[in-house]
2 protein chains.
Amino acid sequence: MKEIEKTLENKNVRPTAMRILIYKYMAEKEVAIALTDIENTFTKADRTTLYRTLKTFEEKGIVHQIDDGTNISKYALCEPGCNCELDQDLHLHFHCSNCDETVCLTAHKLPHINLPEGYIAEDANLVIKGICDKCSS
Amino acid sequence: MKEIEKTLENKNVRPTAMRILIYKYMAEKEVAIALTDIENTFTKADRTTLYRTLKTFEEKGIVHQIDDGTNISKYALCEPGCNCELDQDLHLHFHCSNCDETVCLTAHKLPHINLPEGYIAEDANLVIKGICDKCSS
DNA sequence: ATATAAATGCAATGGAAGTGCATTGTTTTA
DNA sequence: TAAAACAATGCACTTCCATTGCATTTATAT
């Protein structure tokens, strides 16, 4: 519990009750979380608070946003050393079309890609869609 | 002109006036097109028609949908041999954060990616964000 | 020419993102 | 400690895009 507080403080985010709960929730889930998921879990809290909590977490480098092609923004906790703002160290994401869950495949780094003349890469996003291990067995 | 009609017929899509116009519009543009773009171009036509035209084009393999991370669906004509439904032959997309345009980099194929045990890939989507050649010069 | 089916137009809905402002709670400092 | 300053939360509302149901028009087939 105290550990989460420290983590938040290290990232310059005030460890409020709500934020600790959301962080804990995301840490327990292994999959990327949508705002709706959090809404359905914390029904007493206001949508805006949850929304802004995610935004704050993202700005402060606590979570990274994932665009898995469903047009619903999802978020996952950054692992230690998850340089999600640098284009050198991007991992890929897997979206299961059966259970609709998205997971970070942190072990899989993106290969370097040579762009045509004049193009400057700042960020990259690779999503593989298919059937996840839970649904394929 | 007749060429477009033939293309549509080959894909089992009736070459109506509207569809030919939209196809022509997309062929002239080198960038991926959003529904809004088409709306602003063909103001006399109904939004729904344009929307359904894109859907039809997508289903029949005339265009492929691109998710560039802006949460706005964009579309681009499939090139001959654009096996966008197969995960072997996927090209990548580049989204410029300055001019907000998205282009297909068809020459750049995705490297093969080994997924963990149990994961079955069906589709993939790689978007690089940054500054495009027009904006960087 | 008529029946049938497809394409289009209109109206309305839904879902998610985002914003302005008032209120509450928590630091800071005088 | 009390007051001022600031951050976090809650409420209401707006916007934007995707999507659907149904009526109408247009094209195809018998």
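This structure is a prediction, so every number in the text was calculated from the model and none was measured. (Residues numbered from 1 in each chain as written. Chains lettered and ligands numbered in written order. Predicted model: local features only at pLDDT ≥ 70, side-chain atom pairs only at ≥ 80, totals over all residues. Heavy atoms only, no water.)

### Considering the protein's contact with DNA strand C
Moving on, step 1. Near DNA strand C, the surroundings consist of 16 residues, among which Arg 14, Thr 16, Arg 19, Thr 49 and Arg 52 of chain B are the closest.
Moving on, step 2. Atoms of DNA strand C within 4 Å of the protein: sugar and phosphate make up 62%, bases the balance.
Moving on, step 3. Within the contact set of DNA strand C, a phosphate oxygen lies 3.4 Å away from a side-chain nitrogen or oxygen of Lys 55 of chain A.
Moving on, step 4. In this structure, a sugar or linking oxygen belonging to DNA strand C sits 3.5 Å away from a side-chain N or O atom of Arg 14 of chain B.
Moving on, step 5. Of all elements in the fold, only α4 (47-59) of chain A together with α2 (17-28) and α4 (47-59) of chain B reach the threshold of two or more residues within the surface near DNA strand C.
Moving on, step 6. For the surface near DNA strand C, the element with the most residues is α4 of chain A, which contributes five residues.
Moving on, step 7. Looking at the surface near DNA strand C residue by residue, the class counts come to four nonpolar, five polar and seven charged. (Near = heavy atom within 4 Å. Polar contact = N/O pair within 3.5 Å; in protein donor to acceptor, adjacent residues only side chain to side chain. Helix = DSSP H or I, 4+ residues; strand = E, 2+ residues; numbered from the N terminus. Nonpolar A, V, L, I, M, F, W, Y, C, P; charged D, E, K, R; others polar.)

### Quick notes on the interface of chain A and chain B
Moving on, step 1. Taken together, the contact between chain A and chain B spans 35 residues of the former and 35 residues of the latter.
Moving on, step 2. The interface formed by chain A and chain B holds twelve residue pairs in polar contact (both at pLDDT 80 or more) in total.
Moving on, step 3. Mapped onto the side of chain A that touches chain B, the elements with two or more residues apiece are β4 (91-96), β5 (102-109), β6 (120-131) and α5 (133-136) of chain A.
Moving on, step 4. When residues of the side of chain A that touches chain B are assigned to their parent elements, the largest contribution, twelve residues, is made by β6 of chain A.
Moving on, step 5. Looking at the side of chain A that touches chain B, its residues break down into 18 nonpolar, ten polar and seven charged. (Contact = heavy atoms within 4.5 Å.)

### Concerning the protein's contact with DNA strand D
Moving on, step 1. In the vicinity of DNA strand D lie 17 residues, with Thr 16, Arg 19, Thr 49 and Arg 52 of chain A together with Tyr 51 of chain B positioned nearest.
Moving on, step 2. With respect to DNA strand D, the side chain of Arg 14 of chain A contributes an N or O atom lying 3.3 Å from a sugar or linking oxygen.
Moving on, step 3. One of the side-chain N or O atoms of Arg 19 of chain A is found 2.6 Å from a phosphate oxygen in DNA strand D.
Moving on, step 4. Breaking the surface near DNA strand D down by element, the ones donating at least two residues are α2 (17-28) and α4 of chain A together with α4 of chain B.
Moving on, step 5. Top contributing element to the surface near DNA strand D by residue count: α4 of chain B, with five residues.
Moving on, step 6. Across the surface near DNA strand D, the residue classes tally to four nonpolar, five polar and eight charged.

### A word on unusual backbone geometry
Excluding glycine, residues mostly carry a negative phi; peptide bonds, for their part, are mostly trans.
All names here are of chain B.
Moving on, step 1. Located in the positive-phi region is Asn 12, a residue other than glycine, with phi close to 65°.
Moving on, step 2. Here Asn 12 shows up in the loop between α1 (2-10) and α2.
Moving on, step 3. Here Asn 12 falls in the exposed class, since its relative accessible area comes to 62%.
Moving on, step 4. Positive phi outside glycine occurs at Asn 71, with the angle close to 65°.
Moving on, step 5. The topology assignment puts Asn 71 in the loop between β2 (63-66) and β3 (74-77).
Moving on, step 6. What makes Asn 71 partly exposed here is its relative accessible area of 36%. (Buried < 20%, exposed > 50% of the residue type's maximum accessible area, 1.4 Å probe, protein only.)

### Concerning the packing of aromatic side chains
Moving on, step 1. For the coordinates displayed, the defined rule picks out six aromatic pairs over all chains.
Moving on, step 2. With a centroid separation of 4.8 Å and 80° between ring planes, the pair formed by Phe 94 of chain A and Tyr 119 of chain B is classed as edge-to-face. Linking Phe 94 of chain A in strand β4 with Tyr 119 of chain B in the loop between β5 (102-109) and β6 (120-131), this pair reaches from one chain into another. Comparing Phe 94 of chain A with Tyr 119 of chain B, the two get one shared label, buried.
Moving on, step 3. Judged by centre distance (5.7 Å) and plane angle (80°), the ring pair of Tyr 25 of chain B and Phe 42 of chain B falls under edge-to-face. Here Tyr 25 of chain B, found in helix α2, pairs with Phe 42 of chain B, found in the loop between α3 (35-41) and α4; they are 17 residues apart in sequence, far enough to count as distant.
Moving on, step 4. Note on Tyr 25 of chain B: relative accessible area 11%, which makes it buried.
Moving on, step 5. On the basis of relative accessible area, Phe 42 of chain B is assigned to the buried category, the value being 7%. (Phe/Tyr/Trp six-rings, centres within 6.5 Å; stacked < 30°, edge-to-face > 60°.)

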